[in-house]
Amino acid sequence: EFKVNGTVMKYYILGMLLFLCSCVSHDKYENAKSFSFEDFPVQKELVGNVLEFDSLIMRPRDIFVSDSVLVVIEMGMDKLFHLYNLNSRKYMASHIIRGNGPDDMLSPRFVKGKNNVIGVCDMNTSKVYEYGLTDFVNSMKPVPLYDAKLEATPFVGVIDIDNKYVSSTYGENGKQFCVFDKTGKRINQIVDYPSSSISYTDAEKRDAYYANIVGNGKDRIAVCYSMTDLIEIYRVDGELLNRIHGPEQFFARFNEARDGDVITSAPEKNVNRDAYFSPCSDGERLFVLYDGDYVDSPDNDRSCSYLMVFSWDGKPEAQYRLNDPIIAFTIDGVHKKIYGIGMIPEFHIVEYSF
């Protein structure tokens, strides 16, 4: 029979308590309000409806919906934009050849911010295009209403707000985002990196604070970070209005790496987690996917089962659990529909009502 005396047991318990305390992070963001899963007054499971079209959807990268028209970007096909009717579930048209020609594109992403036109940025050429929705649907070869080349290369995506374009430019001059007028001229650089108790080098900071942005269509921008569960809300001029950290309060950990004159950074193994992705807005509220999985986990499939909803003051409003996880989505605020790109077991479009 094995016995443990009181002194040994006391030190064992003390050691376990110290170990558990050491596992709790005491790092904090400056001027951040913490929140948890329990702070969402609405918590609901949404059951999705997989949309079956008469033409096969392959590997969509981005998605746009206006009224009954669904447009997806398919990078692996000869033409990039593919249109479907949501009512009839029928294929409508395909546009824009993938290539280097004067009317071609290489790596388009939808510009978030307007539903009455289709905004697109070709990330390879830094050119922004705006198409009339009717022309894009009905013409064999749609012609943009206008286009503009941004003076700085966009890093993640572009949003349209207050008659301006805003895009991440990978930490140029220590600022996260550039503001452009509609001719593409850079008119401002906004948003410092968040201040926290963690010390990052410049290279580590740029990678640790990878983020996506979206606007409310009027005067506010939400910055949703992908490797720390942090959301910041700013005015278009860069004034910070709110910084919220949650629901699990984790941080990104990177280490700088040098190869001669080339300075990069690499994530620490087995400690980093995926946070927020694909933010959208219906004008009144902020919608964003939340993951929470460890980046290096073999079970991490890049899909998100949580959709979080916040007011534009940063107040948690709703937490939706999706039965069919998605990697990106868009919102039809008029009909209260969410259209997402799912990839389990294969790529598909799923519709949720909220």
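The structure this text deals with has already been given above.
Residues numbered from 1 in each chain as written. Predicted model: local features only at pLDDT ≥ 70, side-chain atom pairs only at ≥ 80, totals over all residues. Heavy atoms only, no water.

*Asks:* Any details on the pattern of salt bridges? Residues and values, ideally.
*Replies:* Pairing of side chains with opposite charge becomes possible as their charged atoms draw close. Counted under the stated rule, the structure contains 16 salt bridges. With a closest N to O distance of 2.8 Å, R253 and D27 form a salt bridge. Of this pair, R253 sits in the loop between strand 19 (240–245) and strand 20 (254–259) while D27 sits in the loop between helix 1 (6–22) and strand 1 (33–34), and the two are 226 residues apart along the sequence. Residue R253 is classed as partly exposed on the basis of its relative accessible area, which comes to 25%. Residue K182 pairs with E130 through a salt bridge whose shortest N-O separation is 3.3 Å. Here K182, found in the loop between strand 14 (177–180) and strand 15 (186–190), pairs with E130, found in strand 10 (residues 127–132); they are 52 residues apart in sequence, far enough to count as distant. (Salt bridge = Lys/Arg side-chain N within 4 Å of Asp/Glu carboxyl O. Helix = DSSP H or I, 4+ residues; strand = E, 2+ residues; numbered from the N terminus. Buried < 20%, exposed > 50% of the residue type's maximum accessible area, 1.4 Å probe, protein only.)

*Asks:* Please give an account of the side chain of D160 that cites residues and values.
*Replies:* By the secondary structure assignment, D160 is in strand 12 (residues 158–161). Within polar-contact distance, the side chain of D160 engages the side chain of K182 at 3.0 Å. Ignoring any residue separated from it by four or fewer positions in sequence, one finds D160 in contact with V111, K112, G113, K114, E130, Y165 and K182. (Polar contact = N/O pair within 3.5 Å; in protein donor to acceptor, adjacent residues only side chain to side chain. Contact = heavy atoms within 4.5 Å.)

*Asks:* So what's going on with the sheet that holds strand 23 (residues 285–290)? Residues and values would help.
*Replies:* For sheets, the rule is that strands pair by backbone hydrogen bonds, running either parallel or antiparallel. With mixed pairing, 5 strands are arranged side by side in an open sheet as 2-25-24-23-22. Two strands in the sheet have a free side with no partner beyond their single neighbour: strand 2 (42–46) and strand 22 (276–281). Ignoring strand direction, the axes of neighbouring strands in this sheet form an average angle of 20°. Looking at chain direction, strand 22 and strand 23 are connected through 4 bridges and run antiparallel. (Pairing = 2+ DSSP bridges. Axes fitted to C-alpha atoms, helices over the stretch in contact; angles between N-to-C directions.)

*Asks:* Now, about the nonpolar core: what can you tell me, with residues and values included?
*Replies:* Of all hydrophobic cores here, the largest spans 25 residues; its most connected members are V166, F177, I213, I221 and V223. Within the residue set of this core, elements represented by two or more residues are strand 12, strand 14, strand 16 (211–215), strand 17 (220–225) and strand 18 (230–235). Of the residues forming this core, the biggest block, 3 residues, is contributed by strand 17. In contact with F177, other than residues within four places in its own chain, are V166, S167, S168, T169, N188, Q189, I190, V191, I213 and V223. Residues F40, A275, M308 and W312 belong to the second largest nonpolar core, which totals 18 residues. (Core = buried A, V, L, I, M, F, W, Y, C linked by side-chain atoms within 4.5 Å.)

*Asks:* Please provide a residue-by-residue account of the packing of aromatic side chains, values included.
*Replies:* As enumerated under the stated definition, the model contains 21 aromatic pairs in all. Judged by centre distance (5.5 Å) and plane angle (70°), the ring pair of Y209 and Y225 falls under edge-to-face. In this pair, Y209 sits in the loop between helix 3 (202–208) and strand 16 while Y225 sits in strand 17, placing the two residues 16 residues apart along the sequence. Members of the aromatic cluster, each reached through a chain of ring pairs, are Y29, Y193, Y200, Y209, Y225 and F251. Cation over ring: R273 sits above Y294, and NZ or CZ is 5.1 Å from the ring centre. (Phe/Tyr/Trp six-rings, centres within 6.5 Å; stacked < 30°, edge-to-face > 60°. Lys NZ or Arg CZ within 6 Å of the ring centre and 35° of its normal.)

*Asks:* Any chance you could break down unusual backbone geometry for me, citing the residues and the numbers?
*Replies:* Backbone torsion omega between G246 and P247 reads 10°, so that peptide bond is classified as cis. Of note, the amide linkage connecting I344 to P345 takes the cis form, showing an omega dihedral of 0°. Examined against the element boundaries, P345 turns out to sit in the loop between strand 27 (337–342) and strand 28 (348–353). The backbone phi angle of D162 is positive, close to 55°, even though this residue is not glycine. Within the secondary structure layout, D162 lies in the loop between strand 12 and strand 13 (164–168). For D162, a relative accessible area of 40% translates into the label partly exposed. The backbone of S278 sits at a positive phi, close to 50°, despite the residue not being glycine. Structurally, S278 is set in strand 22. The class for S278 is buried, based on a relative accessible area of 12%.

*Asks:* Quick one: what's the story with the side chain of N216, residue by residue and with numbers?
*Replies:* Here N216 lies in the loop between strand 16 and strand 17. A polar side-chain atom of N216 sits 2.9 Å from the main-chain amide nitrogen of K218. Among the polar contacts made by the side chain of N216, one reaches the main-chain amide nitrogen of R220 at a distance of 2.9 Å. Discounting residues that sit within four places of it in the chain, N216 has contacts with I161, S281, G283 and W312.

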